[in-house]
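# Structural overview for review
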Amino acid sequence: MDPATSLAIGHYTGKALAKIETAFHDHVIVRWRKRRAEQFFDQFCREIGAVDPETLDQQMSKLFEDDLATEILFDAYRSVCFTKSKVLGPRII
C-alpha cells in the first residue's frame, strides 16, 4: 500500500471513529445519565418535601456549603450511575 492510500485510510478511519464516539456519547452516555439524574433528583425532592418549608431553605444552604455533605450527595449520585435499574436504583439510593 502506498503512503498516500495509507494516509487516506487513516484519515477516513479517524473521521469514522470520531463520528461513532460522538454518537455513542450523545445517544448512550448523555441519554441515560440524564435519565438517572432526573430519577435521583425527583426522589431527592420527594424526600426534602417532608421537611418543614420554613427551615428548608436554611437547611439546603447549610447542606450545599458543607464539603462533606456535598461529597456524600455526589457519592450517592455516582452510585446511581452504576445501578442496573434505571428507575429503582436512583430512588433507593
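Higher on the page you've got the structure.
Residues numbered from 1 in each chain as written. Predicted model: local features only at pLDDT ≥ 70, side-chain atom pairs only at ≥ 80, totals over all residues. Heavy atoms only, no water.

### A short note on the packing of aromatic side chains
Taken as a whole, this structure holds two aromatic pairs when the rule is applied. The interplanar angle of 70 degrees and the centroid separation of 6.0 Å between the aromatic rings of Phe40 and Tyr77 together place this pair among those described as edge-to-face. Here Tyr77 lies in helix H3 (residues 67-81) and Phe40 lies in helix H1 (residues 3-48), a separation of 37 residues in the sequence. (Phe/Tyr/Trp six-rings, centres within 6.5 Å; stacked < 30°, edge-to-face > 60°. Helix = DSSP H or I, 4+ residues; strand = E, 2+ residues; numbered from the N terminus.)

### Overview of the pattern of salt bridges
The tally for this structure, following the rule as stated, stands at one salt bridge. The residue Asp75 makes a salt bridge to Arg78 at a minimum N-O spacing of 3.4 Å. Taken as a pair, Asp75 and Arg78 lie in helix H3 at a separation of three residues, close to a single helical turn. (Salt bridge = Lys/Arg side-chain N within 4 Å of Asp/Glu carboxyl O.)

### Thoughts on H3
Compared with the 21 Å implied by 1.5 Å per residue over 15 residues, the 21 Å span of H3 between its first and last C-alpha is a close match. Turning to H3, its buried residues number three or more, namely Ala69, Ala76 and Val80. Relative to the axis of H3, the buried residues are bounded by an arc of 50 degrees and lie together on one face. Facing away from the buried side of H3 by over 90 degrees, the exposed positions are Asp67 and Leu68. (Expected span 1.5 Å × (residues − 1). Buried < 20%, exposed > 50% of the residue type's maximum accessible area, 1.4 Å probe, protein only. Arc of directions from axis to C-beta.)

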